[in-house]
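Take a look at the letters that make up each chain.
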Amino acid sequence: TEQAIKTLMSLLQPKEARGDPFPTIPGPAQYEQVCIVGAGPAGIHMAQSLKKIGFTNITIYEKTNRVGGKSYDIKYRGIEHPQGTIFAEANYFDNLIPLALEYGAGDYVKIPSYNVWRTNSAQDENSKLMLSQFILGRVAPLTNSTNPKANLGFLLKTAIHYVKLHKQMFGDYEGDLMLRPDEDVMFRIRGTFLEYLKRENMLALVPVFKLSNELQGYGHLDEVSALYGLIWNNPKFVITLALRALKQDNDPLSVYVLRDGFEKIWKNIVQKENLDIRFNTDIYSITRLQNRVALKIWKGSYLKPEHCDFMIWTPPMSDLLRTLTDTRHEEYNLFKGLKPEFLTASLVDMRNSVRNGPYSAFMYNLDRKVEGGVTGEASMMGFLTPDIGTPEGIAEYNGNQSQLLTISVLQLGKECQDEKTLNQILQDHYTKGFNATDLEILNTITWPYFPRWSPEETGQARHWQVFNMQGKQKVWYAGSSVSFESIRGVMEYNNLLLRKMNKINH
């Protein structure tokens, strides 16, 4: 174990990035009117970043009446409960955590590892598992051994191989999106994430990625492209997951929640920077003229024209295709293939449910891709319990079944189901399988989540094709559609756009 830790830590040493560098792109000039569509993390961070470098004429158009997008928290029983963004990991100390600290919202709390329910019933034998039992149990068929030490050694060896191979192919690159790989690397990472792991003899990591990828809504391993898996599960994150398996995850190589939630960061930025946000904006159309962008916005029953010199679009690109009057052939071909799935978050009260720690995954629903099935639950009250990281703390949490429990519950589906159906699935899950009583669903929201290209399309280098047309016709494409559905992903993509912006106007 000591040698494995030394090897893992040595892999944090940087190597030169590999691949074709990103090109310099046209961007806005400081004297221009910049309009940003979307007041989620991507839009607010972009506005804050532009203001820091001297831009003063920035307007944000937001279709709802709030900021933060999927960073959405509900204050209840004195605690901010997440209904969207929930976790930060080691990579977030390079982007989000410094920003949160700067704006007075960076109180991060280390949390214990997931635990797992193998089936949808607390009564089933061997259904309630600790993380190590689940992972090593799934590694055992690969080693033909029931020896936990041997299986842990095999898992760590595979994790080390994964990180070395990742660095061999991409090196260490700035931000979240690697430089454009050469043809040999693109061929090597072809297909789905599961196909890639199988080809490279890394199937021991499947149970780890079931939790880091599938549970987070980032696609089933046998469906999502290997590229997306490699973007999210980068070396620092995989090293963190390995150290957590060894119970050696010390700051910053661990997983965290924010005590006051993620939404507070974006609210504080808007307030401190006095950002100009037009809430409840319904954009009817966008037309790109020779030197500006023309918007038509619904004002009651009539359309009001507005103009800006440069537009930054952060919502899903499918919405852009519906709004543009002059969609270019290249844009349509690149963006038409982006397809989301649907992540539903509910805030739920219950009593007497059988518990398995403050963060649990339900593997039956993940493995079988149950449409709308409950895939995970998280208790902020549990996370914020001072001794929750100890066996005694977990035992006390699990034993307090009669006390009112408030949790955030996640459900996943390929289609958008109605709230009544989803709520019934949730209620049946807990009352029939986990003995819950007095169950009350306080809030439910369904997000179109992680718009993604197919493995075939990512194999055609869609991410880098999009970047090559950034700034043309006075538009930047930003947000999760062109990067990754995570705060770290959209922030680092903003940073990439700003780094590669032609500075001739500054």
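Structure report, in brief. Here the structure is a predicted model, which is why all the values come from computation and not from measurement.

### With respect to the overall build of the chain
Then comes step 1: If you tally the helices and strands in the chain, you get 20 helices and 20 strands.
Then comes step 2: Seen through its C-alpha atoms, the chain measures out along the principal axes to roughly 70 × 50 × 40 Å.
Then comes step 3: Taken as a whole, the chain presents about 21,100 Å² of accessible surface, with 49% of it coming from carbon and sulfur.
Then comes step 4: The average position of the 56 basic charges and that of the 55 acidic charges among the side chains of the chain differ by 2 Å.

### Quick word on the sheet that holds strand 20 (residues 475-477)
Then comes step 1: With parallel pairing, 5 strands are arranged side by side in an open sheet as 10-2-1-14-20. Edge strands, defined here as strands with exactly one partner in the open sheet, are strand 10 (276-278) and strand 20. Each adjacent strand pair in this sheet contributes to an overall mean axis angle of 20°, direction not counted.
Then comes step 2: Where strand 14 (residues 310-313) and strand 20 come together, 3 bridges link them in parallel fashion. Its bridge partner lying in strand 20, Trp 313 is registered against Tyr 477.
Then comes step 3: Running over the sheet, helix 2 (residues 41-52) touches strand 1 (34-37), strand 2 (58-61), strand 10, strand 14 and strand 20 and is turned about 175° from strand 2.

### Things to note about helix 11 (residues 263-273)
Then comes step 1: Along helix 11, the residues that are buried comprise Glu 263, Ile 265, Trp 266, Asn 268, Ile 269, Val 270 and Glu 273.
Then comes step 2: If you follow the buried residues of helix 11, they end up packed against helix 2, strand 3 (73-76), helix 3 (96-102), strand 9 (255-258), strand 10 and helix 20 (487-500).
Then comes step 3: Where helix 11 terminates, the next one or two residues include Asn 274, which has phi positive at roughly 50°.

### Re the pattern of salt bridges
Then comes step 1: By the definition in use, this model includes 34 salt bridges.
Then comes step 2: Measuring nitrogen to oxygen at the nearest pair gives 3.9 Å for the salt bridge that ties Lys 110 to Asp 249. Taken as a pair, Lys 110 in strand 6 (residues 108-110) and Asp 249 in the loop between helix 10 (235-245) and strand 9 lie far apart in primary sequence, 139 residues in all.
Then comes step 3: For the salt bridge of Arg 278 with Asp 276, the shortest nitrogen-to-oxygen distance reads 3.2 Å.

### A word on the environment of Ile 111
Then comes step 1: With respect to the helices and strands, the residue Ile 111 is situated in the loop between strand 6 and strand 7 (115-117).
Then comes step 2: Judged by its relative accessible area of 3%, Ile 111 is buried.
Then comes step 3: In the structure, Ile 111 is positioned 45 residues away from Arg 66 in sequence and 28 Å away in space, judged by C-alpha atoms.
Then comes step 4: In this view, Ile 111 contacts Phe 87, Arg 244, Val 255, Tyr 256, Val 257 and Phe 383; residues no more than four positions away in its chain are not counted.

Reading the values: rules and limits
Residues numbered from 1 in each chain as written. Predicted model: local features only at pLDDT ≥ 70, side-chain atom pairs only at ≥ 80, totals over all residues. Heavy atoms only, no water. Helix = DSSP H or I, 4+ residues; strand = E, 2+ residues; numbered from the N terminus. Areas by Shrake-Rupley, 256 points an atom, 1.4 Å probe, with all protein chains shown as cover. Lys, Arg positive; Asp, Glu negative; His and termini not counted. Charge placed at Lys NZ, Arg CZ, Asp CG, Glu CD. Pairing = 2+ DSSP bridges. Axes fitted to C-alpha atoms, helices over the stretch in contact; angles between N-to-C directions. Contact = heavy atoms within 4.5 Å. Buried < 20%, exposed > 50% of the residue type's maximum accessible area, 1.4 Å probe, protein only. Salt bridge = Lys/Arg side-chain N within 4 Å of Asp/Glu carboxyl O.

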